[in-house]
There are 2 protein chains.
Amino acid sequence: MKKILQNQKENFIDQLIELLKIPSISADPSHKEDVKKTAKWIENALNEIGCSTVQIYETAGHPVVYGEILVSENAPTVLVYGHYDIQPPDPLELWESPPFEPVIKKTDLHPKGAIFARGACDDKGQMFMHLKAVEILMQNNALKNNIKFVIEGEEEVGSDHLEKFIRDHKSMLQSDIILISDTGINSIENPAITVGLRGLSYMEVTVTGPNRDLHSGLYGGTVANPINVLCDIIASLHDENKKVNIPGFYDQVEEISESERKKMNENGLNEKSFKDSIGIDAVMGEKGYTTLDRRSIRPTLDVNGIWGGYTGEGAKTVITSQAHAKISMRLVPHQEWKKISELFEQYFKAMAPKGVKVEVTTHHGGNAYVTPTDSLAYKAAEKAYNDVFGVVPHAKRDGGSIPIVPMFEKVLGTKTLLMGFGFDSDAIHSPNEHYGIDNFLKGIKTIALFHPYFSELYGNHQ
Amino acid sequence: MKKILQNQKENFIDQLIELLKIPSISADPSHKEDVKKTAKWIENALNEIGCSTVQIYETAGHPVVYGEILVSENAPTVLVYGHYDIQPPDPLELWESPPFEPVIKKTDLHPKGAIFARGACDDKGQMFMHLKAVEILMQNNALKNNIKFVIEGEEEVGSDHLEKFIRDHKSMLQSDIILISDTGINSIENPAITVGLRGLSYMEVTVTGPNRDLHSGLYGGTVANPINVLCDIIASLHDENKKVNIPGFYDQVEEISESERKKMNENGLNEKSFKDSIGIDAVMGEKGYTTLDRRSIRPTLDVNGIWGGYTGEGAKTVITSQAHAKISMRLVPHQEWKKISELFEQYFKAMAPKGVKVEVTTHHGGNAYVTPTDSLAYKAAEKAYNDVFGVVPHAKRDGGSIPIVPMFEKVLGTKTLLMGFGFDSDAIHSPNEHYGIDNFLKGIKTIALFHPYFSELYGNHQ
């Protein structure tokens, strides 16, 4: 198989570059046609690798692309989930090369080169590995299990219409395991399989004071200034130990045993290189926990955006009528994201002083997820990683959220295995996102090994 | 004189509307040519009313337009200052009619109609009254004093280059009194002459954390989030009594006697109509002071703008690298604006936690000013207001700042008289700025009476 990949890799990279050129920004209505075009591109790619059924399913939002290869009724079925939509590329001025003109450059962490483009890693690059791995297996007549691809276009905006699609096609989507590559590894030398994801609750708040913008000389110091009020409330969201101050926030939090925490931190991150990689001189977070704890087993709250008043060049002496913020919370087992969103809303409204009105809306959310490490799929993955990376991967919990994972379990009753190959430093959601060529090719190999290992273990197990 | 104005008023209003159509936004480099065009327009208008000398003086920023009428060496000289530049019109979507397409509409407070346009009141409308008052006096051979017009184009961005112009032309600009209409009256029934202005210190802060935008799942809760830090520091700028928390901020503040405060508040504002006019259910400000105190004799601090992170539609799970705010302080006698700016900078930097860098810059500023009420000019103005409004105007202190007023006194040694005619509700610096037709015409009449009264008092006094 190694040789085959050798012959095809240029071709695979060229295909990915082609896919990365389409700005499928799901959050931006002006890119609706690009999102559609990308769905068509995926449809075509699924046909080309040999899917017997391929179909674009329209939703109330962006379409879902479905493809399947049925090998045998008795064989196990792997449902591959990925997304073809991407985050907005702004701030554009911080990109060293245009986000939709992919270029390959070498970096310290990617000595064999990395593709720089929005979506290179999240998730076009990682999703595309699955298509190519299956293509190799098909060409070699080595695919022994059934495959179902569900590639959606709304992951970056909360997968609002995916649940309905899943519910509407429950029998079509039956499988033995769901496979997703949308997470990462620490390094090529120290690969990991993600076994935990945090939940998410993403909120937006608007503070409204006076019914129009006011002159700050005539009104300054006499009215509740919506920006000052917003800052006051945001500041009050954490206490002096950087714990989240919302009453009830920690009530359902799963407490991890000291021994488990210790084990987890042994595989954990090097704080110096963590700080160096993002150019900070100190970390900050909840007292009593390590950086690794804070981003995996502890819930957190961060402001993702804030705006209000005059933000142009120069000075304008104005008191704005409205100020806004986007605030998200990362959740852990067993926090319920809808409950947390409610607690947030109650708190924010209770903190609003007289003279302003506060509006709180929920963008989207999802619960945390922990995947078992004693499953056949996990064992198959462990074996595949070991073959390709030469070391047994460790199990790690991630700070990010893939809200559809708990949803899949709820609706389909199926567990998910997270086989990611990106690096934290790949700048997903940031300017200069990239994905290592080596990660991409090793990912394809690992996945191409996973399927036969899984079929084999499954057969022995039956 | 009443009849003459009657014949000319349509004409005067048409001329003002023409002036208001030019978007002379000094803060916006893309409007540089419009600012230039407006200077030419003023030059032409000064020629038309009969100035003997008119000249546009270039500066390192926008030009100053100068005009003079010399009646006699023995006559007193009035220097009229005004500005032809305007605030940016944003947020545009809140304007009921386009900001540069003036329309006349009646309102509750302006039953005779008001002109709606950016700059209608601040300061094109108020500045233009002076040209028209002098025109009437010239036509009637009634101008007994010398007039010097200094109409600048950078007031809304801090009059950065005016001081140099004044210093460079000190002898040309000698006068007995400086006259400015850039303030307001409470109502037609209760006119006032502004005798106090607050100072200003306008700052901008940038909080920089990680060297790039980060994914909030992977990094949330582990690093100092620049937006959260900015909100924390802003929240800490006021204490629980809404006093400004910056050490030394109140050290030089002039304390007003209880009796003076009492007298001031007798002419003071009706809190219910104050709240109703801006649609709020409660005021907020420094404990122990009335709303009128808070906006006239007490220093204050307000955020004028804030921005950072993702502010587009939908949700982006990002931790921004930088967050920004524009923050201004209104100052009272005898606070030194440069000292206050320094104290602000020291405080902001001292409050920054590890893991972020804070940059603080000063946009511009000026000291507070109190004008005497026992001067010949004040007495002439009092008489003129009484003639036109039928009531003796009271003296009031304003919350706004005109930093050039103390600068004039420092450089030229000349006092300023503030004869304003706008209403607080005229929405200067806001969407739907307007200026009452009645205010405009009464202003012209009052100014046209002021000049002969001032000459007369001055002659008697010599």
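Caption draft 1: Structural view of the overall build of chain A. Helices and strands together make up the secondary structure of chain A, namely 13 helices and 18 strands. Here chain A has a C-alpha radius of gyration of 23 Å; the compact-globule value for 462 residues is 23 Å, and the two agree. Counting only C-alpha atoms, chain A reaches 80 × 50 × 45 Å along its principal axes. Here chain A holds 462 residues, and 56% of them are scored as buried. Residue pairs in contact within chain A that sit at least 24 positions apart in sequence constitute 78% of those at least 6 positions apart.

Caption draft 2: The interface of chain A and chain B, seen in detail. Residue-level contacts link 82 residues of chain A with 82 residues of chain B. Elements represented by at least two residues in the side of chain A that touches chain B include exactly strand S10 (214–215), helix H5 (216–219), helix H6 (226–235), helix H9 (291–294), strand S11 (300–309), strand S12 (318–319), strand S13 (322–331) and strand S14 (357–366) of chain A. With nine residues, S11 of chain A is the largest single contributor of residues to the side of chain A that touches chain B. Per-class residue counts for the side of chain A that touches chain B are 32 nonpolar, 33 polar and 17 charged. In the sheet, S11 of chain A pairs with strand S11 (residues 300–309) of chain B via five bridges, with the strands oriented antiparallel.

Caption draft 3: The arrangement of the packing of helix H3 (residues 124–139) of chain A against helix H13 (residues 437–461) of chain A in detail. All names here are of chain A. One way to put it is that H3 packs onto H13 with a least axis distance of 8 Å and a crossing angle of 50°. Taken together, H3 and H13 sit at an angle that is classed as oblique. As for how H3 packs across H13, the hand of that crossing is right-handed. For the pair H3 and H13, contact is made by Gly125, Gln126, Met129, His130, Lys132, Ala133, Ile136 and Leu137 and by Phe440, Gly443, Ile444, Ile447, Ala448 and His451, respectively. A per-class count over the contact of H3 with H13 returns eight nonpolar, five polar and one charged.

Caption draft 4: Fine view of the domain arrangement of chain A. Residues and elements named next belong to chain A. Domain parsing of chain A yields domain 1 (2–197 + 368–461), domain 2 (199–253 + 299–366) and domain 3 (256–292). One C-alpha centre belongs to domain 1, the other to domain 2, and the line joining them spans 35 Å. When grouped by side-chain class, the residues that make up the side of domain 1 that touches domain 2 number five nonpolar, three polar and one charged.

Caption draft 5: Structural detail: the pairing of S11 of chain A. All names here are of chain A. With 10 of its 10 residues buried, S11 lies for the most part within the structure. One ladder, built from eight bridges, connects S11 with S13; its direction is antiparallel. Across the sheet, the residue bridging to Val303 is Ile327, located in S13.

Caption draft 6: Region of interest: the packing of helix H11 (residues 376–389) of chain B against helix H13 (residues 437–461) of chain B. All names here are of chain B. Where H11 meets H13, the closest approach of the two axes is 8 Å, and the angle between their N-to-C directions is 140°. When the axis of H11 is compared with that of H13, the two are oblique. In this structure, the crossing between H11 and H13 has a hand that is right-handed. Mapping the contact onto sequence places Leu376, Ala377, Lys379, Ala380, Ala381, Lys383, Ala384, Tyr385, Asp387, Val388 and Phe389 in H11 and Lys442, Lys445, Thr446, Leu449, Phe450, Tyr453, Phe454, Leu457, Tyr458 and His461 in H13. Per-class residue counts for the contact of H11 with H13 are 14 nonpolar, two polar and five charged.

Caption draft 7: Geometry of the relation of the copies chain A and chain B. Between chain A and chain B, which share one sequence, the superposing operator has a rotation angle of 180° and an axial displacement of 0.0 Å; the RMSD is 0.0 Å. What the rotation and shift describe, once combined, is the action of a two-fold rotation axis.

Caption draft 8: Broad picture of the sheet that holds strand S4 (residues 103–105) of chain A. Residues and elements named next belong to chain A. Overall, antiparallel pairing links the three strands, which are arranged S4-S5-S18 in an open sheet. At either margin of the open sheet sits one strand with a lone partner, and together these are S4 and strand S18 (434–436). The average undirected angle you get between the axes of adjacent strands in this sheet is 30°. With three bridges connecting them, strand S5 (residues 114–116) and S18 associate as antiparallel partners. From the neighbouring strand, Phe116 faces S18, where its bridge partner is His434. Lying on the sheet, H13 is in contact with S4, S5 and S18; it crosses S18 at an angle near 60°.

Caption draft 9: Just the nonpolar core, in detail. Ala381 of chain A together with Ala381 of chain B are the most contacted members of the largest nonpolar core, which totals 257 residues. Among all residues touching Ala381 of chain A, those that are not within four sequence positions of it are Ile193, Leu417, Met419 and Phe450 of chain A.

Caption draft 10: Quick look at the sheet that holds S11 of chain A. On the basis of which strands lie adjacent, the open sheet formed by eight strands has the order S14(A)-S9(A)-S13(A)-S11(A)-S11(B)-S13(B)-S9(B)-S14(B) and antiparallel pairing. The strands lining the two open edges of the sheet, one partner per strand, are S14 of chain A together with strand S14 (357–366) of chain B. Across the sheet, the axes of successive neighbouring strands diverge by a mean angle of 20°, strand direction being ignored. In terms of strand pairing, strand S9 (residues 199–208) of chain B meets strand S13 (residues 322–331) of chain B through 10 bridges, oriented antiparallel. Across the sheet, residue Val205 of chain B finds its bridge partner in S13 of chain B, namely Ala325 of chain B. Lying over the sheet, helix H10 (residues 337–351) of chain A contacts strand S9 (199–208), S13 and S14 of chain A, oriented at roughly 165° with respect to S14 of chain A. Each of S11 of chain A together with S9, S11 and S13 of chain B is contacted by helix H6 (residues 226–235) of chain B, which is oriented at about 15° to S13 of chain B, the strand it contacts most.

Caption draft 11: Broad picture of the environment of Gln8 of chain B. Residues and elements named next belong to chain B. Relative to the helices and strands, Gln8 is located in helix H1 (residues 2–20). Accessibility expressed as a C-beta count within 10 Å gives 17 for Gln8, which makes it partly exposed. The spatial distance from the C-alpha of Gln8 to the C-alpha of Lys132 is 9.6 Å, given a sequence separation of 124 residues.

Caption draft 12: Local environment of helix H2 (residues 32–48) of chain B. Residues and elements named next belong to chain B. Taking 1.5 Å per residue, 17 residues should reach 24 Å; H2 reaches 25 Å between its end C-alpha atoms and fits that length. Buried within H2 are the following residues: Val35, Thr38, Ala39, Ile42, Ala45 and Leu46. Seen end-on, H2 carries its buried residues on one side only, within an arc spanning 125°. Every exposed residue of H2 that faces more than 90 degrees away from the buried side is listed here: Glu33, Asn44 and Glu48. Buried residues in H2 make contact with strand S1 (53–57), strand S2 (64–69), helix H3 (124–139) and strand S6 (146–152). Two residues or fewer past H2, Gly50 is found with a positive phi of approximately 105°.

The rules behind each value
Each chain carries its own residue numbering, running from 1 in the direction its sequence is written. The naming scheme follows written order: chains are lettered A onward, ligands numbered 1 onward. In keeping with the predicted nature of the model, local features appear solely for residues at pLDDT of at least 70, side-chain atom pairs appear and are counted solely at 80 or more, and the whole-chain, interface and lining totals rest on all residues. Secondary structure follows DSSP: runs of H or I at least 4 residues long count as helices, runs of E at least 2 residues long count as strands, and numbering of each begins at the N terminus. Throughout, radius of gyration means the C-alpha value; the globule benchmark is 2.2 Å times the number of residues raised to the power 0.38. Exposed residues have 12 or fewer other C-beta atoms within 10 Å of their own C-beta, buried residues have 20 or more, and partly exposed residues fall in between, where C-beta atoms are placed from the backbone. By the criterion used throughout, residues are in contact when their C-beta atoms, derived from the backbone, lie within 7 Å. Residues are grouped as follows: Ala, Val, Leu, Ile, Met, Phe, Trp, Tyr, Cys and Pro are nonpolar; Asp, Glu, Lys and Arg are charged; all remaining types, including Gly, are polar. In this analysis, strands are considered paired if DSSP registers two or more bridges between them. Lines fitted to the C-alpha atoms define the axes, with helices restricted to the stretch that makes contact. Angles between their N-to-C directions range from 0 to 180 degrees. Note on angle classes: values under 35 degrees are labelled roughly parallel, values over 145 roughly antiparallel, values of 65 to 115 roughly perpendicular, and the remainder oblique. What makes a crossing left-handed is the near helix being turned counterclockwise from the far one by less than a right angle; a clockwise turn instead makes it right-handed. What marks off one domain from the next here is an automatic or database domain assignment. Alignment of the copies relies on least squares applied to C-alpha atoms, considering only residues that score at least 70 for pLDDT in both. Nonpolar cores are identified as sets of buried Ala, Val, Leu, Ile, Met, Phe, Trp, Tyr and Cys residues joined via C-beta atoms within 7 Å. Given a helix with a known number of residues, its expected span is that number minus one, times 1.5 Å. Taken from the helix axis, the directions to the C-beta atoms give the arc we talk about.

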